[in-house]
Amino acid sequence: MTVREPKNAKEIAEAAGVARNTAEKYLTQLVEADKLATIQRGRETCYYPDPVTQYFDQIRDLVNDHRKDELTAELDAIRDDIDEWKEEYDVESADELRATVGDDIPASERQQRRHDAEDWDYYEHQAMLIKQAIQLYDTIEATRESRIASAN
């Protein structure tokens, strides 16, 4: 689940220290469970984490690990950081900030701008997930509570 680029069964088997047929068996199960997705590269099937499953897992983790007010505070802090970059660099997006790396500025400043642009992209992604978690929070909690109640 930590693979960044799609890998074939042989590569995954080697990394896991198992036989290729063992890896293929479990990879097939993970694909059937929507944990992995596949892509064909020539005659090989390559595997990578299913992005939809990862998205919902991240939202579930946010709801499981944080109260709604904590998520709201984190969203507020992210927006504060982005607002500071907008003001500091006089830009409206991470890509606009990246474009300023070509300006006549010292190397250390260019490096800081690249770093801030990467952080900005990451924060935008986190903000999107946190917004979804906040919107789904009550529904997820109610579903969890009704499942517990029906089990008793």
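Residues numbered from 1 in each chain as written. Predicted model: local features only at pLDDT ≥ 70, side-chain atom pairs only at ≥ 80, totals over all residues. Heavy atoms only, no water.

(A) Highlighting the pairing of strand β2 (residues 36-41). Two strands pair when backbone bridges link them, and β2 and strand β3 (residues 44-49) are joined in this way by six bridges, in the antiparallel orientation. Opposite Thr38, over in β3, you have Tyr47 as the bridge partner. A loop of two residues connects β2 with β3, the two strands running antiparallel in sequence, and Gly42 in this loop sits at a positive phi of about 65 degrees. (Pairing = 2+ DSSP bridges. Helix = DSSP H or I, 4+ residues; strand = E, 2+ residues; numbered from the N terminus.)

(B) Structural detail: a negative patch on the surface. Together, Asp76, Asp80, Asp83, Glu84, Glu87 and Glu88 give the surface a local cluster of negative charge. Residue placement: Asp76 occurs in helix α4 (residues 68-89). (Patch = residues over 30% accessible without salt bridge, like charges linked within 9 Å, V, L, I, M, F, W, Y side chains within 5 Å. Areas by Shrake-Rupley, 256 points an atom, 1.4 Å probe, with all protein chains shown as cover. Salt bridge = Lys/Arg side-chain N within 4 Å of Asp/Glu carboxyl O. Lys, Arg positive; Asp, Glu negative; His and termini not counted. Charge placed at Lys NZ, Arg CZ, Asp CG, Glu CD.)

(C) Representation of the pattern of salt bridges within the structure. Evaluated as defined, the whole model comprises 11 salt bridges. Here Glu24 makes a salt bridge to Arg20, at a shortest N to O gap of 3.0 Å. One end of the pair is Glu24 and the other is Arg20, both in helix α2 (residues 20-32) and four residues apart, which spans about a single turn. Judged by relative accessible area, Glu24 falls into the partly exposed class, the value being 33%. A salt bridge links Glu92 to Lys86, with the nearest nitrogen and oxygen atoms 3.8 Å apart. Shared partners join several salt bridges into a network, and the residues in it are Asp57, Arg60 and Asp61. (Buried < 20%, exposed > 50% of the residue type's maximum accessible area, 1.4 Å probe, protein only.)

(D) Layout of the side chain of Asp50. Along the chain, the position of Asp50 falls in the loop between β3 and α3 (51-65). Buried and without a salt bridge, Asp50 has Lys35 as its closest oppositely charged side chain, separated by 8.5 Å. Here the side chain of Asp50 touches Thr53 through a polar contact of 2.8 Å, landing on its backbone nitrogen. Here Asp50 is in contact with Asp34, Lys35, Leu36 and Ala37, once residues within four sequence places are set aside. (Polar contact = N/O pair within 3.5 Å; in protein donor to acceptor, adjacent residues only side chain to side chain. Contact = heavy atoms within 4.5 Å.)

(E) Main features of the sheet that holds strand β1 (residues 7-8). One open sheet accounts for three strands, arranged β1-β3-β2; its pairing is antiparallel. Across the chains shown, the open sheet's two edge strands, defined by having one partner strand only, are β1 and β2. Strands β2 and β3 of the sheet are contacted by α2, whose axis makes an angle of about 115 degrees with β2. (Axes fitted to C-alpha atoms, helices over the stretch in contact; angles between N-to-C directions.)

(F) Structural context of the packing of aromatic side chains. For the structure on display, the rule yields four aromatic pairs. A centroid spacing of 5.5 Å and a plane angle of 35 degrees characterise the contact between Trp85 and Tyr123, whose relative ring orientation is tilted. Taken together, the residues span a long stretch of sequence, with Trp85 in helix α4 and Tyr123 in helix α6 (residues 107-151) at a distance of 38 residues. A relative accessible area of 23% places Tyr123 in the partly exposed class. Ring centres of Tyr122 and Tyr123 lie 6.2 Å apart, and the angle between their planes is 55 degrees; this geometry places the pair in the tilted category. Among the residues examined, Tyr122 registers a relative accessible area of 48% and is labelled partly exposed. Taken together through their ring pairs, the aromatic side chains of Trp85, Trp120, Tyr122 and Tyr123 make up a single cluster. (Phe/Tyr/Trp six-rings, centres within 6.5 Å; stacked < 30°, edge-to-face > 60°.)

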